[in-house]
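Residues per chain, in single letters:
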Amino acid sequence: MSIICRTEGGRSCWKLAGEIDHHRARSLTRELEAEIDARLPAALELDFSGVTFMDSSGIALILRANRRMGEIGGSLKLTHVPPQAARILKIAGIHRRVEME
């Protein structure tokens, strides 16, 4: 899993690449929460264009990011979600809680 993070004017974008599974999700969640706490962005975009696989651990990552962004008054958006991940997120109802493009 690789991550490219860029922040401009109160908006952070994380471009994710690789697999989001139970092996990687815990450390990725810690990294993401630390970044949110350090930058306090008004908006966070998680770009899934490079994600090759995601299991239910990815759902937990998204829910925690969404909760933390809500706590600081910010918003979360998921972009470029590949079909496999989109199917999992829709089954879990994430598309009703988090904006997806």
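Residues numbered from 1 in each chain as written. Predicted model: local features only at pLDDT ≥ 70, side-chain atom pairs only at ≥ 80, totals over all residues. Heavy atoms only, no water.

Of regular secondary structure, the protein chain possesses three helices and five strands. For the protein chain, the succession of helices and strands along the chain, N to C, is β-β-α-β-α-β-α-β. Computed over C-alpha atoms, the radius of gyration of the protein chain comes to 12 Å, within 12% of the 13 Å expected from 2.2 N^0.38 for 101 residues, which places it in the range of a compact globule. Taken along the three principal axes of its C-alpha coordinates, the protein chain extends 30 × 25 × 20 Å. Long-range contacts, defined here as pairs at least 24 residues apart, represent 67% of the contacts in the protein chain between residues at least 6 apart. By element, 50% of the accessible surface of the protein chain is carried by carbon and sulfur atoms, the whole surface being about 5500 Å². Across the protein chain, the mean location of the 15 positive side-chain charges is 3 Å away from that of the 13 negative side-chain charges. (Helix = DSSP H or I, 4+ residues; strand = E, 2+ residues; numbered from the N terminus. Rg over C-alpha atoms; globule rule 2.2 N^0.38 Å. Contact = heavy atoms within 4.5 Å. Areas by Shrake-Rupley, 256 points an atom, 1.4 Å probe, with all protein chains shown as cover. Lys, Arg positive; Asp, Glu negative; His and termini not counted. Charge placed at Lys NZ, Arg CZ, Asp CG, Glu CD.)

What follows is about the pairing of strand β2 (residues 11-20). Note that β2 and strand β3 (residues 43-54) share nine bridges and pair parallel. For I20, the partnering residue across the bridge sits in β3 and is M54. Note that the unit made of β2, helix α1 (residues 25-39) and β3 has a crossover that is right-handed. (Pairing = 2+ DSSP bridges. Right-handed = clockwise from strand over helix to strand, strands pointing away.)

This model, assessed by the stated rule, comprises nine salt bridges. As a salt-bridge pair, E31 and R24 come within 3.1 Å of each other at their nearest N and O atoms. On the basis of relative accessible area, E31 is assigned to the partly exposed category, the value being 33%. One continuous salt-bridge network, built from bridges that share partners, spans D37, R67, R68 and E71. (Salt bridge = Lys/Arg side-chain N within 4 Å of Asp/Glu carboxyl O. Buried < 20%, exposed > 50% of the residue type's maximum accessible area, 1.4 Å probe, protein only.)

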